[in-house]
Amino acid sequence: MNGLVAVPLLVVLAAVSGDLAASRSDGARRVPIVRLGGSLQNPCFSSDSKRLVITQWPGGYNEGRAEVQLVRIGGGAALGRISPPGGSAVNLPGTCWHGPSDRIAFSFEGDEPDVIFTARPDGSDPRLAVALPGRVAFDPAFARDVLLLVLVVHPVDVAGGGDIGVAATDGSMARRITQGADDRQPNWSPTGKAIVFQRQYQGNWDLWTVSPGGGPHKNITRTRGVNETDASWAPSGRWIVYSGDGTDIDIASLFTIGSNGKARRRLTTAGRVYDGAPSWSPDGKTIAFESRGGEPDGSSGTSIWTISAPPDRQ
């Protein structure tokens with residue numbers, strides 16, 4: 001990535017209208033987050049699996065300015081805003097929280113195009129990590145063991161055409177690893193040897209993997225007329241959880257698939273309900289996701305839910 005500038009630094013749903021009960025027939029349960037209104041999206045676990053980073057859109061689903069917030073899973077207490085004021089901030093589900101450094105990554109759009117910030121869970125010590133002159137940078141995710149970020153970049157005022165890049169938070173090791181397609185929402189594998197992302201391919205979104213060095217690129221879903229998005233890893237790296245539709249599924253549900261592209265399984269089965277943006281907890285026990293009855297676009301928004309994760313083995 002030429003020109004990189006970085007500064008070190010649950011019962012069934014009550015209705016399909018979006019009104020959700022506390023639990024569902026597939027075993028999913030709503031996290032009762034208090035004192036946060038609007039659309040709650042993009043859950044991302046702490047290393048102890050007890051807290052979640054989420055994006056709050058007060059104006060509705062993907063509407064207006066957003067903030068990155070911290071909440072406790074048990075009891076749903078809102079613990080405070082992580083992102084700085086004065087702009088719109090969005091985190092990525094998956095590995096937005098780096099356990100060893102206890103820092104959280106998110107994109108931030110103020111007066112300038114999106115850049116990447118990191119901050120501590122209480123919102124202190126915000127640092128500019130990645131800024132790209134003439135380009136937008138978003139969808140940041142940490143490698144598990146080292147302070148590396150994988151992110152999406154594309155030119156300012158150009159829709160689509162996202163490229164996946166890798167950069168250290170001190171500005172070193174900056175490089176682009178995909179180019180020329182429309183690639184989004186990357187997440188590192190726990191081993192650090194692969195990155196999963198979604199690519200628009202033949203009119204639909206498929207899931208692909210790529211090595212941090214830039215190759216080879218592998219399409220692991222290879223479906224026609226079906227969209228697979230929002231992928232993140234199980235803690236073992238053997239499984240990937242994602243949101244997908246199908247010929248008999250008109251609103252996205254959650255699925256798991258082996259990292260080798262085999263053994264696809266449906267995880268959520270609550271009917272005409274949107275389930276998306278899943279994250280697998282580091283302890284392997286839980287998957288958190290956003291959900292609402294009916295399509296989310298144009299709605300007042302989603303809430304945060306959890307479901308027991310399937311056994312992490314193949």
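Scope of this entry: the structure provided in the associated data block. Keep in mind it's a predicted model, so treat the numbers as computed, not measured.

For the protein chain, the helix and strand inventory stands at zero helices and 25 strands. The C-alpha radius of gyration computed for the protein chain amounts to 18 Å, which stays within 12% of the reference 20 Å derived for 314 residues, consistent with globular compactness. Along the longest, intermediate and shortest principal axes, the C-alpha atoms of the protein chain span 50 × 40 × 35 Å. Residues classed as buried in the protein chain amount to 58% of the 314 residues present. Accessible area for the protein chain stands at about 12500 Å²; split by element, carbon and sulfur atoms hold 48% of it. Taking the average location of the 31 positive side-chain charges in the protein chain and that of its 31 negative ones, the two points are 8 Å from each other.

A few words now on the pairing of strand S17 (residues 204-210). Taken across its seven residues, S17 has seven buried, putting it largely inside the fold. Where burial is concerned, the two faces of S17 agree: the one with Asn204, Asp206, Trp208 and Val210 and the one with Trp205, Leu207 and Thr209 are both buried. Two strands pair when backbone bridges link them, and strand S16 (residues 195-201) and S17 are joined in this way by seven bridges, in the antiparallel orientation. Its bridge partner lying in S17, Arg199 is registered against Asp206. Taking the residues that link successive antiparallel strands as the turn, the S16-S17 hairpin has two residues, and the phi of Gln202 there is positive, at about 55°. The pairing of S17 with strand S18 (residues 218-219) spans two bridges and is classified as antiparallel. Paired with Thr209 across the bridge in S18 is Lys218.

Let us now look at the layout of surface pockets. Put simply, the largest pocket is a space of about 1000 Å³. Lining the largest pocket are 37 residues, and of these Tyr61, Asn62, Gln185, Gln198 and Asp230 lie nearest its centre. Across the lining of the largest pocket, the residue classes tally to 14 nonpolar, 12 polar and 11 charged.

We now examine the packing of aromatic side chains. Working definition: an aromatic ring pair is given by the centre-to-centre distance plus the angle between the planes. Applying the stated criterion to the full structure yields four aromatic pairs. The interplanar angle of 15° and the centroid separation of 5.6 Å between the aromatic rings of Tyr242 and Phe255 together place this pair among those described as stacked. Separated by 13 residues along the polypeptide, Tyr242 in strand S20 (residues 239-246) and Phe255 in strand S21 (residues 249-258) bring together distant segments of the chain. Just as Tyr242 is buried, Phe255 falls in that class too. The rings of Phe106, Phe108 and Phe117 are connected pair by pair, giving a single aromatic cluster. Over the ring of Trp305 we find Arg24; its NZ or CZ atom is 5.2 Å from the centre of that ring. Of note, Arg199 hangs over the ring of Trp208, and the distance from its end group to the ring centre comes to 4.6 Å.

Here four strands make up an open sheet; going across it, the order is S1-S25-S24-S23 and the pairing antiparallel. Edge positions in the sheet fall to strand S1 (29-30) and strand S23 (273-280), since each of these pairs with one other strand and no more.

Next up on the list: the state of the cysteines. Inspection of every chain in the model, using the stated rule, returns one disulfide. Between the sulfur atoms of Cys44 and its disulfide partner Cys96 the distance amounts to 2.5 Å. With the S-S dihedral at roughly -120°, the linkage between Cys44 and Cys96 falls on the left-handed side. In this pair, Cys44 is assigned in strand S2 (residues 39-45) and Cys96 in the loop between strand S6 (88-90) and strand S7 (97-98), connecting sequence segments 52 residues apart. Look at Cys96 and you get buried, because its relative accessible area is 0%.

Here Phe45 lies in strand S2. Each C-alpha atom of the pair Phe45 and Gly99 lies 9.8 Å from the other, and the pair is 54 residues apart in sequence. Sequence-distant contacts of Phe45, that is, excluding residues within four places in its chain, are made with Arg51, Leu52, Ile73, Trp97, Ser279, Trp280, Ser281, Pro282, Thr286 and Ala288.

The rules behind these values
Residues numbered from 1 in each chain as written. Predicted model: local features only at pLDDT ≥ 70, side-chain atom pairs only at ≥ 80, totals over all residues. Heavy atoms only, no water. Helix = DSSP H or I, 4+ residues; strand = E, 2+ residues; numbered from the N terminus. Rg over C-alpha atoms; globule rule 2.2 N^0.38 Å. Buried < 20%, exposed > 50% of the residue type's maximum accessible area, 1.4 Å probe, protein only. Areas by Shrake-Rupley, 256 points an atom, 1.4 Å probe, with all protein chains shown as cover. Lys, Arg positive; Asp, Glu negative; His and termini not counted. Charge placed at Lys NZ, Arg CZ, Asp CG, Glu CD. Pairing = 2+ DSSP bridges. 1 Å grid on protein atoms, 1.4 Å probe; cavity = no way out; pocket = protein on both sides within 12 Å on 5 of 7 lines; lining within 4 Å. Points joined across faces, edges and corners; volume = space filled by probe spheres on them. Nonpolar A, V, L, I, M, F, W, Y, C, P; charged D, E, K, R; others polar. Phe/Tyr/Trp six-rings, centres within 6.5 Å; stacked < 30°, edge-to-face > 60°. Lys NZ or Arg CZ within 6 Å of the ring centre and 35° of its normal. Disulfide = S-S within 2.5 Å. Contact = heavy atoms within 4.5 Å.

Function cannot be inferred from these measures alone, as they are strictly geometric.
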